[in-house]
Amino acid sequence: MNVTQWHFSAANDGVTIRTLTPQEVASWKVITQYQQVQENWVKTQEAKGVKDAAQTLKQVTAIMKESMKK
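Described below are features of the structure shown in this document. Because the structure is a prediction, the values reported are computed rather than measured.

In this section: the overall build of the protein. Secondary structure summary: the protein contains 4 helices and 0 strands in total. Taken against the 2.2 N^0.38 rule, which gives 11 Å for 70 residues, the C-alpha radius of gyration of the protein at 16 Å runs more than 25% over that of a compact globule. Over its C-alpha atoms, taken along the principal directions, the protein stretches across nearly 45 × 25 × 20 Å. Here the protein holds 70 residues, and the buried ones make up 7% of them.

Here you go:
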């Protein structure tokens with residue numbers, strides 16, 4: 001199920017969905033510091049001996065970006 005299908009399904013179930021404005025997204029990025037959290041996760045994984053943690057994160061990010069376009 002892609003994002004559009006999920007929205008339609010959720011709306012039919014009575015869920016209210018609000019899409020963030022570009023300004024809200026920018027604010028969220030700053031407030032959550034998610035990129036720093038991700039960088040710290042990669043460093044922690046690599047310190048534990050996990051190989052390719054950075055590449056895995058890049059792939060997950062690409063998948064998420066692609067799925068949000070649909």
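Here the narrative resumes.
A full pass over the atoms with the stated rule returns 1 salt bridge. Residues Glu24 and Arg18 are paired through a salt bridge, measuring 3.0 Å at the closest nitrogen-oxygen approach. For Glu24, a relative accessible area of 29% corresponds to the partly exposed category. Of the residues examined, Arg18 reaches a relative accessible area of 57% and is grouped as exposed.

Criteria and thresholds
- Residues numbered from 1 in each chain as written.
- Predicted model: local features only at pLDDT ≥ 70, side-chain atom pairs only at ≥ 80, totals over all residues.
- Heavy atoms only, no water.
- Helix = DSSP H or I, 4+ residues; strand = E, 2+ residues; numbered from the N terminus.
- Rg over C-alpha atoms; globule rule 2.2 N^0.38 Å.
- Buried < 20%, exposed > 50% of the residue type's maximum accessible area, 1.4 Å probe, protein only.
- Salt bridge = Lys/Arg side-chain N within 4 Å of Asp/Glu carboxyl O.

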